[in-house]
Amino acid sequence: ADAPALIAERLSLMKDVAIYKSVRDIPVEDLQREAVVIDAAVKAAALHGLEPETTRVFFKAQIDAAKAIQACWIERWSAGEVRPADGADLVEEIRPELLRLGDAIVAAIALDARGGDTADLEAFEQSVSVECLSQSSRSAIARALAGIQLR
Ligand SMILES: O=C(O)C(=O)C[C@]1(C(=O)O)C=C[C@@H](O)C=C1
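Quick caveat, the model's predicted, so the values are computed rather than measured.

Chemist: Give me the site of the ligand: which residues, what numbers.
Modeler: Around the ligand sit 17 residues, and of these Arg10, Lys21, Glu34, Gln70 and Arg95 come closest. Contact between the ligand and Lys21: an oxygen atom at 2.7 Å from a side-chain N or O atom of the residue. Protein chains shield 100% of the accessible area of the ligand, which is 370 Å² for the free molecule. Taken together, the elements giving at least two residues each to the shell around the ligand come down to helix 2 (14-24), helix 3 (31-48), helix 4 (52-78) and helix 5 (90-114). Taken together, the residues of the shell around the ligand sort by class into eight nonpolar, one polar and eight charged.

Structure representation (structure tokens):
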């Protein structure tokens, strides 16, 4: 189970989300969608024997990082960097993929937790390296990940 690689993959999709939203002038934050993502994560947590509240906090940290990454890209494009052409569709492609990754992340965390794997913060920082992801966002995710309890 490679939770960090899956977390990095989830965060990597935020550039495509930012392209989609920037092209259409849609705000980065969508609280209704966040509720859907968190709900799905809490349900997956229950299925995999993780404690729901700490799992919720961890997903909130991933979403906060996701919003910061999108804002970072939009800022770069408004400062003159060339925005890539519009590509993947948010509703038909990216969001379903984010939900699949969310399930996979929960499953991987549960496997690690049962295997007695403790979160290695240094290894986490090494493998979760995503353009526009700040050090502080990454640390917040690492801390929330370490806080997830088995039920
Ligand atoms: O689905 C979106 O619109 C996203 O930007 C992704 C995401 C997430 O991380 O799941 C991030 C920010 C939004 O507020 C809602 C959800």
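Chemist: Pulling in residues and values, what's your account of unusual backbone geometry?
Modeler: Here Asp25, not a glycine, exhibits a phi torsion of approximately 55 degrees, which is positive. For Asp25, the location among the structural elements is in the loop between helix 2 and helix 3. We classify Asp25 as exposed; its relative accessible area is 71%.

Chemist: Could you give an account of helix 3, naming the residues involved and the relevant values?
Modeler: Its 18 residues give helix 3 an end-to-end C-alpha distance of 25 Å, which sits within 8% of 26 Å, the value for a rise of 1.5 Å per residue. Of all the positions in helix 3, only Glu34, Val37, Ile38, Ala41, Val42, Ala44 and Ala45 are classed as buried. One side of helix 3 carries all its buried residues, which in axial view fall inside an arc of 165 degrees. Exposed residues lying more than 90 degrees from the buried face of helix 3 are Gln32, Lys43 and Leu47. Buried residues belonging to helix 3 abut helix 1 (3-12), helix 4 and helix 5. The N-cap residue of helix 3 is Asp30: its side-chain oxygen and the backbone nitrogen of Gln32 are 3.3 Å apart.

Chemist: Tell me about the state of the cysteines, and please be specific about residues and values.
Modeler: By definition, a disulfide is the covalent link that joins the sulfur atoms of two cysteine residues. Enumeration over the complete set of coordinates arrives at one disulfide. The disulfide partner of Cys72 is Cys132, and the S-S distance across this bridge is 1.8 Å. Looking down the S-S bond of the Cys72 and Cys132 bridge, the torsion is -65 degrees, so its handedness is left-handed. Of this pair, Cys72 sits in helix 4 while Cys132 sits in the loop between helix 6 (121-127) and helix 7 (135-146); the two residues are 60 residues apart in sequence, bridging distant segments of the chain. With a relative accessible area of 24%, Cys72 lands in the partly exposed category.

Chemist: Outline the environment of Val91, supporting the account with residue identities and numerical values.
Modeler: Checked against the element boundaries, Val91 lands in helix 5. Residue class for Val91 comes out partly exposed when judged on its relative accessible area of 47%. Residues Val91 and Leu145 lie 54 residues apart in sequence; the distance between their C-alpha atoms is 27 Å.

Chemist: Give a description of the pattern of salt bridges that names residues and reports values.
Modeler: Throughout the structure, instances matching the rule amount to nine salt bridges. Among the ionic pairs, Lys67 bridges to Glu34, the shortest N-O distance being 2.9 Å. Of this pair, Lys67 sits in helix 4 while Glu34 is found in helix 3, placing the two residues 33 residues apart along the sequence. What makes Lys67 buried here is its relative accessible area of 16%. For Glu81, the salt bridge identified is with Arg76, shortest N-O distance 3.0 Å. You can call Glu81 partly exposed: its relative accessible area is 39%. Linked through salt bridges whose partners overlap, the residues forming this network are Glu29, Glu34 and Lys67.

What counts and what doesn't
Residues numbered from 1 in each chain as written. Predicted model: local features only at pLDDT ≥ 70, side-chain atom pairs only at ≥ 80, totals over all residues. Heavy atoms only, no water. Near = heavy atom within 4 Å. Polar contact = N/O pair within 3.5 Å; in protein donor to acceptor, adjacent residues only side chain to side chain. Areas by Shrake-Rupley, 256 points an atom, 1.4 Å probe, with all protein chains shown as cover. Helix = DSSP H or I, 4+ residues; strand = E, 2+ residues; numbered from the N terminus. Nonpolar A, V, L, I, M, F, W, Y, C, P; charged D, E, K, R; others polar. Buried < 20%, exposed > 50% of the residue type's maximum accessible area, 1.4 Å probe, protein only. Expected span 1.5 Å × (residues − 1). Arc of directions from axis to C-beta. Contact = heavy atoms within 4.5 Å. Disulfide = S-S within 2.5 Å. Salt bridge = Lys/Arg side-chain N within 4 Å of Asp/Glu carboxyl O.

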